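Chains, contacts and geometry: an overview
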Amino acid sequence: MPIIVNVDVMLARRKMSSGELAERIGISPTNLSILKTGKAKAVRFTTLDAICKALDCQPGDVLEYRPDDA
């Protein structure tokens, strides 16, 4: 999939655990894991907003587009 989720990168930069982020943004650790591994089919703007607030970053820091090699 050409959309790459860089939540792990931002967590490392902010020295925050996945569990702490999940708690701060109000989602389950399981759902955060699904998002982090790129298995999520969609992400709500409210969730993206909460992630960006908690990690003090921009949406482009969390989501990246890499086209498939064709």
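This text gives an overview of the structure that appears in the document.

The rules behind each value
Per chain, residue numbering runs from 1 following the sequence as it is written. Totals for whole chains, interfaces and linings use every residue, but because this is a predicted model, local features are given only for residues with pLDDT of at least 70 and side-chain atom pairs only at 80 or more, for both listing and counting. Working from all heavy atoms in the structure, the side-chain values ignore hydrogens and water. Both cavities and pockets are sets of points on a 1 Å grid over the protein atoms alone; in a cavity a 1.4 Å probe fits but cannot get out, in a pocket the set is open with protein on both sides within 12 Å along at least five of seven lines, and lining residues sit with an atom within 4 Å of a point. Grid points are joined across faces, edges and corners, and a volume is the space filled by probe spheres set on the points. Working definition: helices are DSSP H or I runs of at least four residues, strands are E runs of at least two. Numbering for both runs from the N terminus. Under this grouping Gly is polar, as are all residues other than the nonpolar Ala, Val, Leu, Ile, Met, Phe, Trp, Tyr, Cys and Pro and the charged Asp, Glu, Lys and Arg. Lines fitted to the C-alpha atoms define the axes, with helices restricted to the stretch that makes contact. Angles between their N-to-C directions range from 0 to 180 degrees. Angular relationships are summarised with four words: roughly parallel below 35 degrees, roughly antiparallel beyond 145, roughly perpendicular across 65 to 115, and oblique for the angles in between. Throughout, a crossing is termed right-handed when the near helix is turned clockwise from the far one, and left-handed when it is turned anticlockwise from it by less than a right angle. Two residues form a contact once any of their heavy atoms are found within 4.5 Å. As used in this structure description, the phrase polar contact means that two N or O atoms lie within 3.5 Å; if the pair is within protein, one of them must be able to donate a hydrogen and the other to accept it, and residues adjacent in sequence are counted only when both atoms belong to side chains. Accessible area is worked out with a 1.4 Å probe on protein chains only. A residue is then buried under 20% of its type maximum, exposed over 50%, and partly exposed in between.

A separate point is the layout of surface pockets. Roughly 190 Å³ of internal volume is contained in the largest pocket. Along its surface, the largest pocket is lined by I25, I27, N31, I34, L35, A40, A42, V43, R44, T46 and T47. Elements that contribute at least two residues to the lining of the largest pocket include exactly α3 (29-36) and α4 (45-55). Considering only residue class, the lining of the largest pocket consists of 7 nonpolar, 3 polar and 1 charged.

Now for the packing of helix α2 (residues 18-25) against α3. Remark: α2 packs on α3, axes separated minimally by 9 Å, with the N-to-C direction vectors making an angle of 110 degrees. In terms of their interaxial angle, α2 and α3 are classed as roughly perpendicular. Considering only the axes of α2 and α3, their crossing is right-handed. Mapping the contact onto sequence places S18, L21 and A22 in α2 and P29, L32 and K36 in α3.

Another point: the side chain of K36. Structurally, the position occupied by K36 is in helix α3. A polar contact of 2.5 Å, which involves the side chain of K36, links it to the side chain of S18.

Checked against the element boundaries, M10 lands in helix α1 (residues 7-14). Judged by its relative accessible area of 2%, M10 is buried. In sequence terms M10 and I25 are 15 residues apart; their C-alpha atoms lie 14 Å from each other. Other than its neighbours up to four places away in sequence, M10 contacts L55, C57, D61 and V62.

By themselves these figures say nothing about function.
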